[in-house]
Amino acid sequence: MQSLVTDLLVTLAYGVVGVVLMGIGYVLVDVATPGKLHELIWTERNRNAALLLASNLAGVGTIVVAAIAASADDFVLGLVGAAAYGIVGLVIMAAAFVLLDVATPGRLGKILVDPEPHPAVWVSAVVHLATGAIIAAAIS
């Protein structure tokens, strides 16, 4: 029974770290795009904004999973690693967003929240997913 309780507490700790990192990712996407992200997605049903946010969350989740898997059953190392690699991933994702914005015409944030579907959203989403995958591969 003690092992079950320990495993549940470890799972809870990793879950909290993952949710906090995804919360930070949400804030970063909200800052990078004009308007309020929650209104764009839940009120205006903006698919572009939803895809951008979903790809960011998936990228962060991929990083956290890799950090947990690489921790070799060392809880403290896994927890600290998940938090640290998650923050690094978010910083790199934000930098990639800025680079993509500089390399493309117009303001990327504005394009990505256009109510009409835009191919730039798919490019930006893949950048988020690829960044998460690259960092995850570097961890393991």
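Residues numbered from 1 in each chain as written. Predicted model: local features only at pLDDT ≥ 70, side-chain atom pairs only at ≥ 80, totals over all residues. Heavy atoms only, no water.

(A) View of the overall build of the chain. For the chain, the helix and strand inventory stands at six helices and zero strands. The order of α-helices and β-strands along the chain, N terminus first, is α-α-α-α-α-α. The principal-axis extents of the C-alpha atoms in the chain amount to approximately 55 × 30 × 20 Å. When the 140 residues of the chain are sorted by exposure, 35% land in the buried category. A fraction of 71% describes how many contacts in the chain between residues 6 or more apart in sequence connect residues 24 or more apart. With an accessible surface of roughly 8,100 Å², the chain has 73% of that area assigned to carbon and sulfur atoms. The chain carries 5 positive and 9 negative side-chain charges, and their two centres are separated by 14 Å. (Helix = DSSP H or I, 4+ residues; strand = E, 2+ residues; numbered from the N terminus. Buried < 20%, exposed > 50% of the residue type's maximum accessible area, 1.4 Å probe, protein only. Contact = heavy atoms within 4.5 Å. Areas by Shrake-Rupley, 256 points an atom, 1.4 Å probe, with all protein chains shown as cover. Lys, Arg positive; Asp, Glu negative; His and termini not counted. Charge placed at Lys NZ, Arg CZ, Asp CG, Glu CD.)

(B) Highlighting helix α1 (residues 2-32). For α1, spanning 31 residues, the distance from its first C-alpha to its last is 45 Å, which sits close to the expected 45 Å at 1.5 Å a residue. Listing the buried residues of α1 in full gives Tyr14, Val17, Gly18, Leu21, Gly25 and Val29. (Expected span 1.5 Å × (residues − 1).)

(C) Expanded view of the nonpolar core. Val29, Leu37, Ile41, Ala49, Leu53, Leu108 and Leu112 are the most contacted members of the largest nonpolar core, which totals 14 residues. Of all elements in the fold, only α2 (37-43), α3 (47-70), α4 (75-103), α5 (108-112) and α6 (119-139) reach the threshold of two or more residues within this core. Beyond its immediate stretch of four places on either side in the chain, Leu53 contacts Tyr26, Val29, Leu37, Ile41 and Trp42. (Core = buried A, V, L, I, M, F, W, Y, C linked by side-chain atoms within 4.5 Å.)

(D) Examining the pattern of salt bridges more closely. Tallied over the full model, the rule gives one salt bridge. Between Asp101 and Arg107 there is a salt bridge, with the nearest N and O atoms lying 3.0 Å from each other. The exposure class of Arg107 is exposed, given its relative accessible area of 59%. (Salt bridge = Lys/Arg side-chain N within 4 Å of Asp/Glu carboxyl O.)

(E) Up close: the packing of α3 against α6. Interhelical geometry of α3 versus α6 gives an angle of 5° and a closest axis separation of 8 Å. The angle between the axes of α3 and α6 places the two elements in the roughly parallel class. Between α3, through Asn48, Leu51, Leu52, Ser55, Asn56, Ala58, Gly59, Thr62, Ile63, Ala66, Ala67 and Ala70, and α6, the contact on the second element is made entirely by Val121, Trp122, Ser124, Ala125, His128, Leu129, Gly132, Ala133, Ile135, Ala136 and Ile139. The class makeup of the residues in the contact of α3 with α6 is 15 nonpolar, eight polar and no charged. (Axes fitted to C-alpha atoms, helices over the stretch in contact; angles between N-to-C directions. Parallel < 35°, antiparallel > 145°, perpendicular 65-115°, else oblique. Nonpolar A, V, L, I, M, F, W, Y, C, P; charged D, E, K, R; others polar.)

(F) Broad picture of the side chain of Asn46. Checked against the element boundaries, Asn46 lands in the loop between α2 and α3. In this structure Asn46 comes out as buried when scored by relative accessible area, which is 4%. There is a polar contact of 2.9 Å between the side chain of Asn46 and the backbone nitrogen of Asn48. Apart from residues no more than four positions distant in its own chain, Asn46 is found in contact with Leu40, Ile41, Leu112, Val113, Asp114 and Pro115. (Polar contact = N/O pair within 3.5 Å; in protein donor to acceptor, adjacent residues only side chain to side chain.)

(G) Inspection of a nonpolar patch on the surface at higher detail. Taken together, Met1, Leu4, Val5, Leu8, Leu9, Leu12, Val16, Val20, Ile24, Leu28, Ile87 and Val91 make up a surface patch of nonpolar side chains, about 1,100 Å² in accessible area. The leading source of residues in the nonpolar patch is α1, at nine residues. Inspection of the secondary structure puts Val20 in helix α1. Val20 sits in the partly exposed class, given a relative accessible area of 47%. (Patch = residues over 30% accessible without salt bridge, like charges linked within 9 Å, V, L, I, M, F, W, Y side chains within 5 Å.)

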